[in-house]
Amino acid sequence: MQRTYSLKKNAQFKYVYRRGTSGGSHEMVMLYARSNSLKVGFSVGKKLGCAVVRNRIKRRLRAACAPLLPQMKPGLYVFIARQSAATADFDKLCRSMQYLLRKQNRLVTGPKTGQDEQTAKKEAVVKKAGDPA
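Residues numbered from 1 in each chain as written. Predicted model: local features only at pLDDT ≥ 70, side-chain atom pairs only at ≥ 80, totals over all residues. Heavy atoms only, no water.

**A few points about the overall build of the protein chain**
Helix and strand counts for the protein chain come out as four helices and four strands. Helices (α) and strands (β) of the protein chain occur, in sequence order from the N terminus, as α-β-β-β-α-β-α-α. The proportion of buried residues among the 133 residues of the protein chain is 35%. Contacts in the protein chain between residues far apart in sequence, at least 24 positions, make up 82% of those at least 6 positions apart. (Helix = DSSP H or I, 4+ residues; strand = E, 2+ residues; numbered from the N terminus. Buried < 20%, exposed > 50% of the residue type's maximum accessible area, 1.4 Å probe, protein only. Contact = heavy atoms within 4.5 Å.)

Set out below in structure tokens:
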């Protein structure tokens, strides 16, 4: 994840905690506050383990967030890890993050991709072939 997308200052985190709306899943909680720019922060409490474990969780959360950045709407996001994030596999973290973003309607819905168009064309050909006329 690029540094331009990172929440860095304590005041920014406090603003999101105070003004943000929250949604939760089994592995994490997402807080969102409106803003013109896209900034993402990650929080892992000391209850989750020593510094090595906390940093590993943050690295995995950053890696799960990186491919979603182009689809995310502008705003300030904070992802707070829960205890199960320490033992969850990477795919589970990715799915949990996507679920939270969809739940709060924070993903941009763009035009259909080329792969979707190809699937639609294949379905149309199958329907034509199945017609008796």
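Anyway, onward from the coordinates.
**What to know about the side chain of Glu-27**
In this structure, Glu-27 sits in the loop between strand E1 (21-24) and strand E2 (28-33). For the buried Glu-27, which has no salt bridge, the nearest side chain bearing the opposite charge is Lys-92, at an N-O separation of 4.1 Å. Side chain to side chain, Glu-27 and Ser-96 meet in a polar contact 3.3 Å long. (Lys, Arg positive; Asp, Glu negative; His and termini not counted. Salt bridge = Lys/Arg side-chain N within 4 Å of Asp/Glu carboxyl O. Polar contact = N/O pair within 3.5 Å; in protein donor to acceptor, adjacent residues only side chain to side chain.)

**Here's the deal with the confidence of the model for the protein chain**
It should be kept in mind that the predicted coordinates are not to be read in detail where pLDDT is low. Residues of the protein chain with pLDDT of at least 70 account for 81%, and the chain-wide mean is 86. Taken element by element, the protein chain is modelled with least confidence in helix H4 (residues 114-130), mean pLDDT 55, and with most confidence in E2, mean pLDDT 96. (pLDDT = per-residue confidence, 0-100.)

**A short note on unusual backbone geometry**
What is expected of a backbone is that most residues other than glycine have negative phi and most peptide bonds are trans. Unusually for a residue other than glycine, Asn-105 sits at a positive phi of about 55 degrees. Note that Asn-105 resides in the loop between helix H3 (90-103) and H4.

**So, the environment of Gly-20**
Within the secondary structure layout, Gly-20 lies in the loop between helix H1 (10-19) and E1. Judged by its relative accessible area of 22%, Gly-20 falls in the partly exposed class. Between the C-alpha atoms of Gly-20 and Val-78, which are 58 residues apart in sequence, the distance is 9.0 Å. For Gly-20, the residues in contact, after removing those within four places along its chain, are Tyr-15, Tyr-32 and Ala-33.

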